[in-house]
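What follows is each chain in one-letter form.
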Amino acid sequence: MKDLNTFYIRTYGCQMNELDSEILITQLKARNLAQVETETEADIILLNTCSIRDLAEKKVLGKLYEYKKDKKDKIIGICGCMAMSQKETLLKKFPHLDFLIGTNNLLDITKVLDDFLSKNTQMKKLDIDYEKELENFYATRDNKIKASIAIIRGCNNHCSYCIVPQTRGKEVSRDSKSIINEAKYLANLGYKEITLLGQNVNSYGLDKPDQNYLFPDLLYDLNKIDNIDRIRFMTSHPKDITKDLMYAIRDLDKLCEFVHFPVQSGSNKVLKEMRRSYSAEEYLEKVNLLKSITPNATIGTDIIVGFPNETDEDFEKTYKLFELIEYDTAFIFAYSPRQKTYAARKFEDNISNEIKQKRLQKLLKLFHSILEKKYKALIGSKKEVLVESLNKDGIYLKGRTREFEKVIFKGDKSLIGKLQIVEITGFSYQTLKGKVI
Ligand code: SF4
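Presented here is an overview of the structure given in this document. (Residues numbered from 1 in each chain as written. Predicted model: local features only at pLDDT ≥ 70, side-chain atom pairs only at ≥ 80, totals over all residues. Heavy atoms only, no water.)

### Details of the pattern of salt bridges
- A complete count under the given rule lists 31 salt bridges for this structure.
- Measuring nitrogen to oxygen at the nearest pair gives 2.5 Å for the salt bridge that ties Asp54 to Lys58. Linking Asp54 with Lys58, this pair stays in helix H2 (residues 54-69), spanning four residues, or about one helical turn.
- We classify Asp54 as partly exposed; its relative accessible area is 29%.
- Of the charged contacts, one joins Lys71 and Asp98 as a salt bridge, the two residues approaching to 2.9 Å between their closest N and O atoms. Placement of Lys71 in the loop between H2 and strand S4 (75-80) and of Asp98 in the loop between helix H4 (88-93) and strand S5 (99-101) is noted, with a sequence separation of 27 residues between them. Taken as a pair, Lys71 and Asp98 share a single burial class, namely buried.
- One connected set of salt bridges, linked through shared partners, spans Asp54, Glu57, Lys58 and Arg338. (Salt bridge = Lys/Arg side-chain N within 4 Å of Asp/Glu carboxyl O. Helix = DSSP H or I, 4+ residues; strand = E, 2+ residues; numbered from the N terminus. Buried < 20%, exposed > 50% of the residue type's maximum accessible area, 1.4 Å probe, protein only.)

Put into C-alpha cells, the structure is as follows:
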C-alpha cells in the first residue's frame, strides 16, 4: 500500500466551501497527514469545487486535464458542488481521478481514501442526506481571529438559475445547543468574530417548527457569550428577512450592522423568471424598513445581469433600484447557464456577451460612484476596526469595520486580533485609509 504523508487542498467558491475545506483538513490531519502548500509536494491533491458559475467549473476542469499529464503516483480527489452536480460523469471523463466526496460527506474522506487504497479503483461518496452527522462537522482553523460556523445547510428555495439545491440538498438546521457550544469553544480559544453561515441563514429553524426557535432567537443567545466581540451572518434570502431580525441588528451589541441582501434583479419580470419569490417593490419595502429600524446598517447585494430575455428596460429597473438603495457592497455577475437548472432547461441564453459586459460595467461604474460619495463622507469619522493582519504590502495593518468596510492603516503588529478605533483619512477604490486614534 502506497505511503501517504502529505495533502494539498485548493478551495473554490463561497465561505461555506472555505469552512468545508477546514473540516476536511481537520479529518486529514487527524489521519496524520500533513498539509502542504503545493501540488508538487503532495501525495494527495484535493480540489474543493464550486458549481455556481461556468468560470469556477472551467478552472477545475483545466486542473484535471493538467493532472492527466503528470499525475505520477499522486492520489487526486474532487469534493464540493461539482462532485454533487456531475457525479459519475466526472469519473468517466477523467479516469485518472481517484475519488469524489460530496458536500455532505466531509467526515467520510479518510474512509474513502482507505477504500481507494485497498481496492485501487475509483471511489465516490455522494449522499444527499446527512442530518445525523451535522453536529460533528467540526473544524480546526488557521485563522485565529475570525471563524465561520455553519448553522444551516442546504437550500429550500429553487431560484431557476441556481444549482445549489441540487448540490447541497434541502435545508437542515443544526441543533442550537451545538452551535452555541461551538461559539463558546471558539470564544475560549480567543476568537473575536464569528460569522454564521448558510445558503439562507434567515430560514434557520424553519425546518424544525416544533422547536419554535428561529434565527433571531439564536442571535440573542449567541450575543450572551462572553469574549466574542462581533457576530456576522451570511447569506440571506430577502423573503426570510424579518422585523425581528432587524430589531436584533438594532439591539444586540455584538451583531454587526451589515446585511447581505441579494436582490439579483430590479425587474419583476426577471425576478419571476428567476423564481426569486419577491417583487422589486416588496424588496424595496424591506430595505426601507431595515433602514428605518437600523439607520446606520450597511447593505450588500448580489446581482445577475444578462439573465435570459432581460431587456434594456428590465436592466434600467435594476440600475434604478441600485441607484435608489445605494449599496455598500455589491457582487455583480453576468448570467452563465448552469446545466440541470430550470433556467438552463427553460430559457435560451439569448443575451450576448457584449451586452452582458456592457450592463455589468455600467452597474460597476454606478457602484464605484456611490462608494466614492459614501467614502468621501466618512473622512474624519471614527470607526472601530477588528485588526485581522498585515496588508499584502506588509506596511499597513488591515481589518473591517462593523459595517464590513475594509480599512488599512499604519500601526504596530501587536494590534492584530484587537479592536482599534481608527480615524478615516482617505480611501482608494473599495478600501478606506485611516490612522490610529
Ligand atoms: S436562495 Fe436561491 S440562489 Fe441562494 S442558494 Fe438557494 S436556490 Fe441558490
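So, next bit.
### Overview of helix H9 (residues 243-251)
- Looking only at H9, the buried set comprises Leu245, Met246, Ala248 and Ile249. Projection of H9 onto a plane perpendicular to its axis shows the buried side chains occupying an angular sector of 155 degrees, all on one side.
- On the buried face of H9, the contacting elements are helix H8 (215-222), strand S11 (230-234), strand S12 (258-260) and helix H11 (280-293). (Arc of directions from axis to C-beta. Contact = heavy atoms within 4.5 Å.)

### Notes on the site of the ligand
- Surrounding the ligand, one finds Cys155, Asn157, Cys159, Tyr161, Cys162, Val164, Pro165, Gln199, His237 and Arg276.
- Residue composition of the shell around the ligand, grouped by class: six nonpolar, three polar and one charged. (Near = heavy atom within 4 Å. Nonpolar A, V, L, I, M, F, W, Y, C, P; charged D, E, K, R; others polar.)

### Some details on the pairing of strand S17 (residues 406-410)
- In this sheet, S17 lies alongside strand S16 (residues 397-401) in antiparallel orientation, the contact comprising four bridges. Across the sheet, Gly399 pairs through a bridge with Val407, a residue of S17.
- The hairpin formed by S16 and S17 contains four residues between the paired strands, and Phe404 there has a positive phi angle of roughly 75 degrees.
- Sheet topology note: the S17/strand S19 (residues 431-436) ladder contains five bridges and is parallel. Its bridge partner being in S19, Ile408 is matched across the sheet by Lys433. (Pairing = 2+ DSSP bridges.)

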